[in-house]
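# Results of the structural survey
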Amino acid sequence: PSAPKTQKDAASPSRKGDFEAVRKDIASILDQPDYDDGSIGPVLVRLAWHASGTYCAETKTGGSNGAGMRYEAEGGDPANAGLEHARRFLEPIKEKHPWITYADLWTLAGVVAVKEMGGPDVKWKPGRTDFVDDSKCPPRGRLPDGALAADHLRHIFYRMGFNDQEIVALAGAHSLGRCHSDRSGFEGPWSVTPTKFSTQYYKMVSPEPPSLTKFKWEKKVWEGPVQFKNEDLGEELMMLPTDMALIEDPKFSPWVKKYAEDREAFYDDFAKVFAKLIELGVERNDSYDSAPTFSKEAGDAK
Ligand code: ZEM
């Protein structure tokens, strides 16, 4: 006779390598009525991006491997302010699936969030390992500063190995989410549908059809850092100086116009470039095990 399910069975961890179960559980926690615009999807996308965006192709350091944001050295970087919320929301998922590494969990969460918010399927491969201490955390200052301009964007993204088209495709993620003055100093959303993946960012920033803006972006008059505002759609939307740089720069702007007009091209290109982003710096361990594969004693396996 089959014994009744015990409490222990119900709470037992999922089968190692059952990433479908993890995907489902991530999807199930995205709606959070009391958080921002009702979804943690945007901040999870930003977590996956910041986990990956420290990569340096020349020195092969940084990137999504390691989950260094668990340590103050990386997690305490002012550029990562606010991402502790994203990590905390994912903690119950980690508890339920203890075999998954944080590095895999954070990148997968970004991929699931993009899809659930109406975006494309992004290819995701498991096998990232977690650092066992903070000795391999990348130096601070590798993430972009929204107060700067096109040359800065190129400096940061070329370092990771991206080209101009890829920079513009990645920036389309700013259809999602918002700025928080207590995190970055900037304030407000880029689009009127910040929990829906869309081409709206390009349609807002573009000055030509199919632009959604009738009037020009103007500097916001406030105490905070320089940002741009537009109220044509009935609510105040924002652009960072780096966002405006995309439409001002002659090599970036054709891509902004292309993606504003061609939803399919944007979805395809975003899927490719986001998949590339979350592969940066990955040192794969196909046992999919969260047990550390690095150890000081072992002389740090490469
Ligand atoms: Zn962002 N981003 N980003 N970004 N980003 C913010 C928020 C979000 C830049 C940037 O300075 C900022 C990419 C690229 C760049 C998202 C995704 C991606 C914020 C607001 C700032 C200031 C943070 C806050 O206050 O909470 C700059 C300069 C970038 C260079 C191009 C790329 C690439 C992204 C993913 C592919 C997302 C989803 C958010 C919204 C987060 C949230 O909490 O709502």
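Residues numbered from 1 in each chain as written. Predicted model: local features only at pLDDT ≥ 70, side-chain atom pairs only at ≥ 80, totals over all residues. Heavy atoms only, no water.

### Overview of the packing of aromatic side chains
The condition that has to hold: Put simply, two rings from Phe, Tyr or Trp (the six-membered ring, in Trp's case) pair if the centres are within 6.5 Å, and we call them stacked under 30 degrees between planes, edge-to-face over 60, tilted for the rest. Comment: elements are numbered from the N terminus, with helices defined as DSSP H or I runs of at least four residues and strands as E runs of at least two. Summary of the burial criterion: residues with accessible area below 20% of their type's maximum are buried, those above 50% are exposed, and those between are partly exposed, where the area comes from a 1.4 Å probe applied to protein chains only.
Summed over all chains, the structure comprises 17 aromatic pairs. An angle of 0° between the planes, with centres 5.4 Å apart, marks the rings of Phe-197 and Phe-266 as stacked. With Phe-197 in the loop between strand 2 (188-189) and helix 9 (200-205) and Phe-266 in helix 12 (residues 263-277), this pair connects stretches of sequence that are 69 residues apart. Residue classification places Phe-266 among the buried residues on the basis of a relative accessible area of 0%. Summarising the aromatic geometry, the rings of Tyr-259 and Phe-266 are spaced 5.7 Å apart at their centres and angled 55° between planes, so their arrangement reads as tilted. For the pair shown, Tyr-259 and Phe-266 are each scored as buried.

### Observations regarding helix 12
It helps to recall that an α-helix has 3.6 residues per turn; residues three or four apart then point in one direction. Going by this rule: To estimate how far a helix should reach, multiply one less than its number of residues by 1.5 Å. We call two residues in contact when some of their heavy atoms are within 4.5 Å.
Over its 15 residues, helix 12 extends 21 Å from the first C-alpha to the last, a length consistent with the 21 Å expected when each residue adds 1.5 Å. If you check which residues of helix 12 are buried, you get Ala-265, Phe-266, Tyr-267, Asp-269, Phe-270, Ala-271, Val-273, Phe-274, Ala-275 and Leu-277. For helix 12, the elements touching its buried residues are helix 3 (41-52), helix 6 (102-116), helix 7 (150-160), helix 8 (164-171), helix 9 and helix 11 (253-261).

### Some points on the layout of surface pockets
The test is simple: Both cavities and pockets are sets of points on a 1 Å grid over the protein atoms alone; in a cavity a 1.4 Å probe fits but cannot get out, in a pocket the set is open with protein on both sides within 12 Å along at least five of seven lines, and lining residues sit with an atom within 4 Å of a point. Grid points are joined across faces, edges and corners, and a volume is the space filled by probe spheres set on the points. In this classification, the charged set is Asp, Glu, Lys and Arg, the nonpolar set is Ala, Val, Leu, Ile, Met, Phe, Trp, Tyr, Cys and Pro, and all remaining amino acids, among them Gly, are polar.
What the largest pocket holds in volume is close to 950 Å³. Along the walls of the largest pocket sit 42 residues, with Arg-46, Trp-49, His-50, His-174 and Trp-190 positioned nearest its centre. Secondary-structure elements contributing two or more residues to the lining of the largest pocket are helix 3, helix 7, helix 8, strand 1 (178-179), helix 10 (241-248) and helix 12. Top element by residues in the lining of the largest pocket is helix 3. It accounts for 6 residues. Of the residues belonging to the lining of the largest pocket, the class tally is 26 nonpolar, 9 polar and 7 charged.

### Comments concerning the nonpolar core
Where we set the bar: Buried residues of nine kinds, namely Ala, Val, Leu, Ile, Met, Phe, Trp, Tyr and Cys, make up a nonpolar core once their side-chain atoms join them within 4.5 Å. An automatic or database domain assignment provides the domain bounds reported here.
Of all hydrophobic cores here, the largest spans 83 residues; its most connected members are Ile-26 and Phe-274. Split by domain, this core shows at least three residues from each of two domains, domain 1 (15-142) and domain 2 (150-273). Ignoring sequence-local partners within four residues, the contact set of Phe-274 consists of Val-45, Ala-48, Gly-110, Val-111, Val-114, Val-122 and Leu-170.

### Some thoughts on the side chain of Arg-87
For clarity, the threshold we go by: Counting rule applied: Lys, Arg positive; Asp, Glu negative; His and chain ends not counted. The term salt bridge refers to a pairing of a side-chain nitrogen on Lys or Arg with a carboxyl oxygen on Asp or Glu at a separation within 4 Å.
Tracing the backbone shows Arg-87 in helix 5 (residues 83-96). Of the side chains with opposite charge, Glu-84 comes closest to the buried, unpaired Arg-87, at an N-O distance of 4.8 Å. Residue contacts for Arg-87: discarding those within four places in its chain leaves Leu-47, Met-69, Gly-75 and Trp-106.

### Topic: the pattern of salt bridges
Charged atoms that come close allow side chains of opposite charge to pair. Per the stated rule, a full pass over the model turns up 16 salt bridges. A salt bridge links Arg-284 to Glu-279, with the shortest nitrogen-to-oxygen separation between them at 3.0 Å. Its relative accessible area of 32% is what places Arg-284 among the partly exposed residues. We classify Glu-279 as partly exposed; its relative accessible area is 25%. Ionic contacts of the salt-bridge type, sharing partners, join the residues Asp-104, Arg-128, Glu-279 and Arg-284 into one network.

### Considerations on the coordination of the zinc atom of the ligand
Counted only if it meets this: The donor definition counts N, O and S atoms within 2.8 Å of each metal and applies 3.2 Å to Na, K and Ca; water is not among these atoms, so some sites may look incomplete.
Exactly one donor from the protein chain reaches the zinc atom of the ligand: His-174 (NE2), at 2.2 Å. If you trace the backbone, His-174 turns up in the loop between helix 8 and strand 1.

### A few points about the site of the ligand
The criterion, for reference: Whether a residue is near a molecule or strand depends on its heavy atoms: if one lies within 4 Å, it is near. Residues adjacent in sequence count toward polar contacts only when both atoms are side-chain atoms; beyond that, a polar contact is any pair of N or O atoms within 3.5 Å, and within protein one must be able to donate a hydrogen and the other to accept it. What decides whether a molecule sits in a cavity or pocket is whether more than half of its atoms lie within 2 Å of the grid points.
Of all residues adjacent to the ligand, which total 24 residues, the nearest are His-174, Gly-177, Arg-178, His-180 and Ser-184. Ser-184 places a side-chain nitrogen or oxygen 2.6 Å from an oxygen atom of the ligand. The cavity that encloses the ligand is the largest pocket. For the shell around the ligand, the secondary structure elements donating two or more residues are helix 3, helix 7 and strand 1. Ranked by residue count, the leading element in the shell around the ligand is helix 3, at 4 residues. Residue composition of the shell around the ligand, by class: 14 nonpolar, 6 polar and 4 charged. Of the residues that make up the shell around the ligand, three or more belong to each of domain 1 (15-142) and domain 2 (150-273).

### Here we look at the domain arrangement of the protein
Heads up, the rule is: Defined in terms of a 1.4 Å probe, buried area is the accessible area two parts forfeit on being brought together, summed over both.
Per the domain assignment, the segments making up the protein are domain 1 (15-142) and domain 2 (150-273). Measuring from the centre of the C-alpha atoms in domain 1 to the corresponding centre in domain 2 gives 22 Å. Across the contact, 26 residues belong to domain 1 and 16 residues belong to domain 2. Here domain 1 packs against domain 2, burying approximately 1700 Å² in sum over the two surfaces, 62% of which is carbon and sulfur. The largest contributions to the domain 1 side of the interface with domain 2 come from Asp-37, Met-117 and Pro-120, which together make up 29% of the buried area.

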